[in-house]
Amino acid sequence: MQVTTANELHLPVGKPVNIRLETRDIMHSFWVPALHGKVDLIPGQPNFLRIEAAEPGEYQGQCAEYCGAEHARMRILAVAQTPDEYEAWLEAQRQPASEPTTDAAKAGEKVFLDGPCSMCHTVRGTQAGGTVAPDLTHIGSRQMIAANYYKNNDAYLEAWITHAQSLKPQAEMPDLTHFTGEELAELVAYLRQLQ
Ligand code: HEC
Ligand SMILES: [Cu+2]
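These notes cover the structure that comes with them. These figures come from a predicted structure and were not determined experimentally.

1. Quick notes on the packing of aromatic side chains
Now for step 1: Counted according to the given criterion, the structure contains four aromatic pairs.
Now for step 2: Considering the side-chain rings of Tyr-149 and Tyr-150, the 4.9 Å spacing of their centres and the 85° angle between planes classify their relative orientation as edge-to-face.
Now for step 3: Their ring planes at 35° and their centres at 5.0 Å tell us that Tyr-150 and Tyr-156 sit as a pair that is tilted.
Now for step 4: Overall, Tyr-150 belongs to the buried group, its relative accessible area being 11%.

2. Looking at the site of ligand 1
Now for step 1: Taken together, 25 residues surround ligand 1, and among them Cys-117, Cys-120, His-121, Ala-146 and Met-173 come closest.
Now for step 2: In this structure, an oxygen atom belonging to ligand 1 sits 2.9 Å away from a side-chain N or O atom of Arg-142.
Now for step 3: A distance of 3.3 Å separates a nitrogen atom of ligand 1 from a polar atom in the side chain of Trp-160.
Now for step 4: Looking at the shell around ligand 1, the elements that each hand over two or more residues are helix H3 (117–120) and helix H4 (154–167).
Now for step 5: Among the elements that make up the shell around ligand 1, the one with the highest residue count is H4 (three residues).
Now for step 6: Considering only residue class, the shell around ligand 1 consists of 21 nonpolar, one polar and three charged.

3. Some thoughts on the coordination of the copper ion (ligand 2)
Now for step 1: Distances from the copper ion (ligand 2) to its protein donors, Cys-63 (SG), Glu-65 (O), Cys-67 (SG) and His-71 (ND1), fall within 2.0 to 2.6 Å.
Now for step 2: Around the copper ion (ligand 2), the four donor atoms sit at angles spanning 86 to 127°, and that spread fits a shape best called tetrahedral.
Now for step 3: For Glu-65, a relative accessible area of 28% corresponds to the partly exposed category.

4. Quick notes on helix H2 (residues 103–114)
Now for step 1: End to end, H2 covers 17 Å across 12 residues, agreeing with the expected 16 Å (1.5 Å per residue, within 8%).
Now for step 2: Every buried residue of H2 is accounted for by Ala-105, Gly-108, Glu-109, Val-111 and Phe-112. Angularly, the buried residues of H2 cover 165° about the axis, an arc narrow enough to put them on a single face. In H2, the exposed positions angled more than 90 degrees off the buried face are occupied by Asp-103, Lys-110 and Asp-114.
Now for step 3: Each element contacted by the buried residues of H2 is listed here: H3 and helix H5 (181–192).

5. Details of the sheet that holds strand S6 (residues 57–62)
Now for step 1: With respect to topology, three strands assemble into an open sheet ordered S1-S7-S6, the strand pairing being mixed. Strand pairing shows two members of the sheet lacking a second neighbour, strand S1 (8–12) and S6, which therefore form its edges. Across the sheet, the mean angle from the axis of one strand to that of its neighbour is 20°, orientation sign disregarded.

What counts as what
Residues numbered from 1 in each chain as written. Chains lettered and ligands numbered in written order. Predicted model: local features only at pLDDT ≥ 70, side-chain atom pairs only at ≥ 80, totals over all residues. Heavy atoms only, no water. Phe/Tyr/Trp six-rings, centres within 6.5 Å; stacked < 30°, edge-to-face > 60°. Buried < 20%, exposed > 50% of the residue type's maximum accessible area, 1.4 Å probe, protein only. Near = heavy atom within 4 Å. Polar contact = N/O pair within 3.5 Å; in protein donor to acceptor, adjacent residues only side chain to side chain. Helix = DSSP H or I, 4+ residues; strand = E, 2+ residues; numbered from the N terminus. Nonpolar A, V, L, I, M, F, W, Y, C, P; charged D, E, K, R; others polar. Donors = N, O, S within 2.8 Å, 3.2 Å for Na, K, Ca; no water. Tetrahedral: all angles 85-135°; square planar, octahedral: opposite > 155°, others 65-115°. Expected span 1.5 Å × (residues − 1). Arc of directions from axis to C-beta. Contact = heavy atoms within 4.5 Å. Pairing = 2+ DSSP bridges. Axes fitted to C-alpha atoms, helices over the stretch in contact; angles between N-to-C directions.

Following this line, the structure appears as C-alpha cells:
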C-alpha cells in the first residue's frame with residue numbers, strides 16, 4: 001500500500017530507492033547533498049533519480065532552483081534507517097489516523113472536521129479528504145512542518161494555524177484567526193497525537 005508523507009523522506013540503508021520527481025507549477029531542484037547531485041523538477045516532465053544511503057542518519061536537503069518567495073524555506077529531510085526500522089516506519093504510516101483519546105484531542109478533531117482544514121488536508125480514516133495540501137494523517141510523527149522549516153511543536157503549530165502568512169509569506173495556507181484560544185489548543189492536541 002502506498003503511503004503519503006510531506007518533506008520527510010524515509011529510506012532503508014543499503015537499498016537503491018527510485019525517486020520520481022514531479023512539480024505541479026514551477027521549476028524546483030531536488031538536492032540532498034550527502035546523497036546525490038541536483039536534479040531539476042520541470043512542470044509536465046517527470047524526472048527520475050536513484051539514490052542509496054550507505055549509513056543510517058538524517059540528511060538535510062534544500063531546493064536548489066530559485067522558485068519564489070519561499071525558496072530559501074523549501075527544505076527536505078531524508079531519514080536513512082536500518083531495514084527493520086524502515087519497515088516499522090512504513091507499517092505505522094500505512095495505518096489510518098489514530099483515534100483521539102483525550103478530551104482535548106477529541107474536541108480538536110471536531111474543530112478540525114468542522115473547520116476549513118478538511119477542505120485542503122486529508123486525514124485518512126476521517127471525513128477530511130482535501131488534496132491541495134500536505135496529508136496530515138501522520139503529521140504527529142514528522143519532525144518539522146512547512147517544508148522542513150519550523151519545528152513540529154505546540155507553539156509552531158499554533159502559530160502556523162493562525163499566522164501561516166507571517167511564517168511563510170505566500171504559502172497556500174491562509175491565516176485562520178477565528179478560533180478561540182481553547183479551540184486552538186484542542187486543534188494542536190489533535191494534530192500532535194496523529195502519530
Ligand atoms: C486553503 C487550504 C488550506 C486550509 C483551509 C488549511 N490548510 Fe493547512 N496547509 C495548506 C497548505 C497549502 C500547506 C503547505 C504550506 C507550505 O508548506 O508551503 C499547509 C500546511 C499545514 C500544516 C503543516 C504540514 C506539514 O507537513 O508541513 C499543518 C499542520 C496544517 N496545514 C494544519 C491546518 C489546520 C489545522 C487547518 C484548519 C484549522 C488548515 N491547515 C487549513 C493549506 C490549507
Ligand atoms: Cu526553490
